[in-house]
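Residues per chain, in single letters:
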Amino acid sequence: MTAQIGQTVRELLVGDLNAYFEQTKSLDEHGWNAFGEVVGAAFYNAVGRSLSGPQADVPGFVAAAAVPYAQTPVAIDENAAQALVRSVLGDDASVAEVLEQLDEPDLARIELVLLRRLIDDSRGEITVDALITSAQDEAAEFSGEAGAS
């Protein structure tokens, strides 16, 4: 299952994010845990690499990431997305409320939309394969469910 999870995340990040619901419809609880761990680890790493520092424009970044998906099945809640980004940057004041309101599929969907923008904005410094391979390794350290590819 681990290889499948990594491959699904890769396909979503380089392909059509609007296929999110189709690509993830067969995941059970174990699968969602592994999927969320891989996406979450990738998100944490990419945000830390790309948006750290006092000049980070979180609202601007989130708005730019959201625009291509507005009015689509994967449209994101920009306030929730900002809270997720800020939590990675050390400001977790508003993330608890977001985590209470959203389930694992919603969180992963938001993180994937933001990841797509982070990868695009990196101009090749963040590659999908390296990011997902690293995320799988990190997720495996915490649970063993998401193991390396």
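Residues numbered from 1 in each chain as written. Predicted model: local features only at pLDDT ≥ 70, side-chain atom pairs only at ≥ 80, totals over all residues. Heavy atoms only, no water.

J.: What is the right way to look at unusual backbone geometry in this model?
T.: Trans peptide bonds make up most of the peptide bonds, and negative phi angles are found at most residues other than glycine. Positive phi, normally seen in glycine, also occurs at Q71, with a value near 65°. Position of Q71 among the secondary structure elements: in the loop between α4 (58-66) and α5 (78-88). Note on Q71: relative accessible area 81%, which makes it exposed. Residue R123 is not a glycine yet carries a positive backbone phi of 50°. With a relative accessible area of 77%, R123 lands in the exposed category. (Helix = DSSP H or I, 4+ residues; strand = E, 2+ residues; numbered from the N terminus. Buried < 20%, exposed > 50% of the residue type's maximum accessible area, 1.4 Å probe, protein only.)

J.: Looking at this structure, I do not really get the pattern of salt bridges. What am I missing?
T.: Opposite charge on two side chains lets them pair, provided their charged atoms get close. Across all of its chains, the model carries four salt bridges by this definition. With a shortest N-O distance of 2.9 Å, R10 and D129 are connected by a salt bridge. Of the two residues, R10 sits in helix α1 (residues 2-14) while D129 sits in helix α8 (residues 128-143), which places them 119 residues apart along the sequence. With a shortest N-O distance of 3.1 Å, R117 and D121 are connected by a salt bridge. In this pair, R117 and D121 both sit in helix α7 (residues 104-121), four residues apart, roughly one turn of the helix. For R117, a relative accessible area of 28% corresponds to the partly exposed category. Residue class for D121 comes out partly exposed when judged on its relative accessible area of 40%. (Salt bridge = Lys/Arg side-chain N within 4 Å of Asp/Glu carboxyl O.)

J.: I tried to follow the layout of surface pockets on my own but got confused; where do I start?
T.: Gaps between atoms show up when a probe of the same size as a water molecule is rolled over them. Considered as a void within the structure, the largest pocket measures approximately 280 Å³ in volume. In this structure, the largest pocket is lined by 14 residues; those nearest its centre are G40, A41, F43, Y44 and E111. Broken down by element, the residue count for the lining of the largest pocket peaks at six residues, all from helix α3 (residues 29-50). In the lining of the largest pocket, the residues fall into eight nonpolar, three polar and three charged. (1 Å grid on protein atoms, 1.4 Å probe; cavity = no way out; pocket = protein on both sides within 12 Å on 5 of 7 lines; lining within 4 Å. Points joined across faces, edges and corners; volume = space filled by probe spheres on them. Nonpolar A, V, L, I, M, F, W, Y, C, P; charged D, E, K, R; others polar.)

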